[in-house]
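# Chain and residue survey
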Amino acid sequence: LVGLNAPADEQLWQRARDGDRDAFGLLFDRHSRTIYNYCFRRTADWSLAEDLTSLVFLEGWRRRDEVQFIDGGVLPWLFGVATNLIRNRRRTARRHRAALARLAPAEAERDFADDLLDRLADQEQMQRVLDHLRRLPRAMQDVLALCVWSELSYGDAAIALGIPVGTVRSRLSRARTQLAELERRSGHETDLSTPASATIHGGAR
Amino acid sequence: MSDLRASKARDIPARVQAERRARLLAAIRPDDGTRRPVARWFPGPRALMITTACALSAVALSLVLLLSAGRVAAPEAQAAILRHIAAALTTPPGMILHERAIVSGNAAELRLYELWAQADMQRIRVIKSGRDFSWDGSTFASYDAAANTITVKPNSQPPARPTVDYAVTLRELVESGKARIDRTTTIGGVAAYELSATATSAVLPGGTTAYVSTTDYHPLIIDYRDNGGATITYQKYEYLPGTSANLALLSLAAQHPAAKLAH
């Protein structure tokens, strides 16, 4: 949570550009968890999600001239960077290997034993979900993941994907229709909601 | 009902988060005016004329190459291209050469290589093989990230250029008359000339192949086959103006202001 008196992302971003690395660290502290969970839900791999989270911030920094803020916030734009990285990760794997060599901790530091079993269960469950969603076109998967799982508004998803708000709305609608049709054919119904909020049949804002 | 709910949100493990944060902050460099290649995208009038002339020459030469089915038949075309490459790899006075590349080899480990060098090589800074070091004409400095320490030693002998500047080896090969243009090709979507050594060179080992852009003649890949082999894949080759901010890129102390100094 960002306190009322905390500087907006846009201010931190500018401070970082002016040479204050800690300001970029604060942005990482503020948004890395959200990006991490988004990356996991798109890949079903916690370890890969860690790498992707680091790369999202590094890539965000590399593309800092293109940054877009919404009400002073950078998160929707970071979602866009993450979406592109996830989409292109095989093509860019070689380029990113060098960056990851600098960004990733030593293997021993990855040991997060406390909830290891829960995380393995997450991976299995998420893999099943992704296998199911892959029946949809990639563009629809992006909109579903952003608007439903990450609970972005239509406007924020539009910024993330670089498309008009109307396109977000229509893709989400078509995605729901197609999923319903697929489920009807298989004799099932779909629940795409996050654990915290059952919004699949409601709407994003 | 198919359960397509997303997984429960979790934290990045605390130790991993802290380590990644530290590494991320070490990897970024705040703005200092170094990101835009000078006169490459926004040339002044004189530079624009030169750029235009070069571009026209490049187009003409490319046509010659294309009409000869990817091979360079005319010695005149070969010589002209080699002259352009040599010129493009020469740092203009007052500018700072900046190269960034990924080095891969039989060690299978990818390494970042980055160089900043004044035109006369009187000051350089290199990140290579995991080390960050500099030479300013009288002292050699090396940064130890683990100890956050810069060690400075008096040294008036400049490092051997080929050991710090991969591209200079290409220029010296071209100037030695031992290089030839084999063909035109495409590297990562960029039209390129493929060069090779006509004879084993003191500068480049035999079997070396290099690729330079047909547009600005800057290196794209240098591929060594001998001595274990290594491939240098360029991400950046540019000339920066000699502003104080850019000159600071040559200084380890400026780049690691919190580091301790040791002599």
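Residues numbered from 1 in each chain as written. Chains lettered and ligands numbered in written order. Predicted model: local features only at pLDDT ≥ 70, side-chain atom pairs only at ≥ 80, totals over all residues. Heavy atoms only, no water.

## Digging into the overall build of chain B
What counts, and what does not: Strands are runs of DSSP state E lasting at least two residues, helices are runs of H or I lasting at least four, and both sets are numbered from the N terminus onward. What makes two residues a contact is simply this: any of their non-hydrogen atoms within 4.5 Å. Residue-level accessible areas treat just the shown protein chains as cover; the underlying method is Shrake-Rupley with a 1.4 Å probe.
Counting its secondary structure elements, chain B contains seven helices and 13 strands. Sequence-distant contacts, at least 24 apart, represent 51% of the contacts inside chain B between residues at least 6 apart. Put simply, chain B shows about 12,700 Å² of open surface, and 58% of that area lies on carbon and sulfur atoms.

## Some points on the packing of aromatic side chains
All names here are of chain A. Short version of the rule: Under the pairing criterion, centres of Phe, Tyr and Trp rings, with the six-membered ring standing for Trp, must be within 6.5 Å; the plane angle then separates stacked pairs below 30 degrees from edge-to-face pairs above 60, leaving the rest tilted. Burial classes follow relative accessibility: with a 1.4 Å probe on protein chains only, a residue under 20% of its type's maximum area counts as buried, one over 50% as exposed, and anything between as partly exposed.
Tallied over the full model, the rule gives 14 aromatic pairs over all chains. Ring geometry for tryptophan 13 against phenylalanine 69: centres 6.2 Å apart, planes inclined by 80°, an arrangement best described as edge-to-face. In this pair, tryptophan 13 sits in helix α1 (residues 9-17) while phenylalanine 69 sits in the loop between α3 (46-62) and α4 (75-87), placing the two residues 56 residues apart along the sequence. Overall, the relative accessible area of 22% leaves phenylalanine 69 in the partly exposed class. An aromatic cluster of at least three residues, connected via ring pairs, comprises Trp13, Phe24, Phe28, Phe57, Trp61, Phe69 and Trp77.

## A closer look at the pairing of strand β7 (residues 149-154) of chain B
All names here are of chain B. Applicable threshold: The rule for pairing is simple: two strands pair if DSSP sees at least two bridges between them.
Bridge count for strand β6 (residues 139-144) against β7 is six bridges, and the pairing is antiparallel. Looking across to β7, one finds that phenylalanine 140 is bridged to lysine 153. Counted along the chain from β6 to the antiparallel partner β7, the turn is four residues long, and its residue asparagine 148 has a positive phi close to 45°. Here three bridges tie β7 to strand β13 (residues 260-262), and the two strands are oriented parallel to one another. In the strand pairing of β13, threonine 149 is matched with lysine 260.

## Comments concerning the pairing of strand β9 (residues 190-197) of chain B
Within a regular strand, the side chains alternate between the two sheet faces. Residue and element names in this part refer to chain B. The element β9 is largely enclosed, with a buried count of six among its eight residues. Here strand β8 (residues 179-187) pairs with β9 via eight bridges, running antiparallel. If you follow threonine 185 over to β9, its bridge partner there is alanine 192. Hairpin connection from β8 to β9: two residues lie between these consecutive antiparallel strands, with glycine 188 at a positive phi of about 55°. Where β9 lies against strand β10 (residues 209-213), five bridges are found, and the strand directions are antiparallel. When the bridges of β10 are listed, tyrosine 193 appears paired with valine 212.

## Observations regarding the confidence of the model for chain B
Residue and element names in this part refer to chain B. Stated precisely, the cut-off is as follows: Scored from 0 to 100, pLDDT records how confident the predictor is in each individual residue.
A residue-level look at chain B finds 70% of positions with pLDDT of 70 or above and a mean pLDDT of 76. Per-element confidence in chain B ranges from a low mean pLDDT of 52 for helix α2 (residues 45-67) to a high of 93 for helix α6 (residues 244-247). Between residues 32-44, whose pLDDT stays under 50, and residues either more than four places distant or in other chains, the model counts 32 contacts. Per-residue pLDDT stays below 50 along residues 65-69; that stretch engages in eight contacts with residues further than four places along the chain or on separate chains. For this predicted complex, the interface confidence comes out at an ipTM of 0.81, alongside a pTM of 0.49.

## Overview of helix α5 (residues 166-175) of chain B
Residues and elements named next belong to chain B. Within α5, eight of the ten residues are buried, which leaves it mostly tucked inside the rest of the structure. When we look at burial in α5, the residues that qualify are Tyr166, Ala167, Val168, Thr169, Leu170, Arg171, Leu173 and Val174. Immediately downstream of α5, the backbone of glycine 177 shows phi near 80°, a positive value.

## Description of the packing of α1 of chain A against helix α2 (residues 21-43) of chain A
Residues and elements named next belong to chain A. Keep this limit in mind: Geometry is summarised by axes, namely lines fitted to C-alpha atoms with helices restricted to the contacting stretch, and by angles between N-to-C directions that run from 0 to 180 degrees. Residues are grouped as follows: Ala, Val, Leu, Ile, Met, Phe, Trp, Tyr, Cys and Pro are nonpolar; Asp, Glu, Lys and Arg are charged; all remaining types, including Gly, are polar.
The contact between α1 and α2 brings their axes to 7 Å, and the two run at 145°. Along the contact surface, α1 presents Asp9, Leu12, Trp13, Arg15 and Ala16, while α2 presents Ala23, Phe24, Leu26, Leu27, Arg30 and His31. Split into classes, the residues belonging to the contact of α1 with α2 amount to seven nonpolar, one polar and three charged.

## Concerning the side chain of aspartate 122 of chain A
Here aspartate 122 of chain A shows up in helix α6 (residues 116-133). Its relative accessible area of 7% is what places aspartate 122 of chain A among the buried residues. The contacts of aspartate 122 of chain A, once residues within four sequence positions are left out, are Phe40 and Trp46 of chain A together with Ser7 and Arg10 of chain B.

## Description of the pattern of salt bridges
Proximity of charged atoms lets side chains of opposite charge pair with each other. To keep it simple, the criterion reads: We count a salt bridge whenever a side-chain nitrogen from Lys or Arg sits within 4 Å of a carboxyl oxygen from Asp or Glu.
Summed over all chains, the structure comprises 18 salt bridges over all chains. One salt bridge in this structure joins arginine 87 of chain A and aspartate 142 of chain A, with 2.4 Å as the shortest N-O distance. Note that arginine 87 of chain A is positioned in helix α4 and aspartate 142 of chain A in helix α7 (residues 138-149), a separation of 55 residues in sequence. Residues arginine 183 of chain B and glutamate 194 of chain B are paired through a salt bridge, measuring 2.9 Å at the closest nitrogen-oxygen approach. Within this pair, whereas arginine 183 of chain B is found in strand β8, its partner glutamate 194 of chain B is found in strand β9, the two being separated by eleven residues in sequence.

## Digging into the nonpolar core
Condition: As used here, the term nonpolar core means buried Ala, Val, Leu, Ile, Met, Phe, Trp, Tyr and Cys residues forming a set that is joined through side-chain atoms within 4.5 Å.
Membership of the largest hydrophobic core comes to 65 residues, with the highest contact counts inside it found for Phe24, Val56 and Trp149 of chain A. Ranked by residues supplied to this core, first place goes to α2 of chain A with nine residues. Ranked by size, the runner-up nonpolar core spans 38 residues in total, among them Met95, Leu115, Ala210 and Tyr217 of chain B.

## Let's talk about the environment of proline 75 of chain B
All names here are of chain B. Tracing the backbone through its elements, the reader meets proline 75 in helix α3 (residues 75-88). You can call proline 75 exposed: its relative accessible area is 59%. Once the C-alpha coordinates of proline 75 and isoleucine 181 are considered, the two residues, 106 residues apart in sequence, prove to be 9.8 Å apart.

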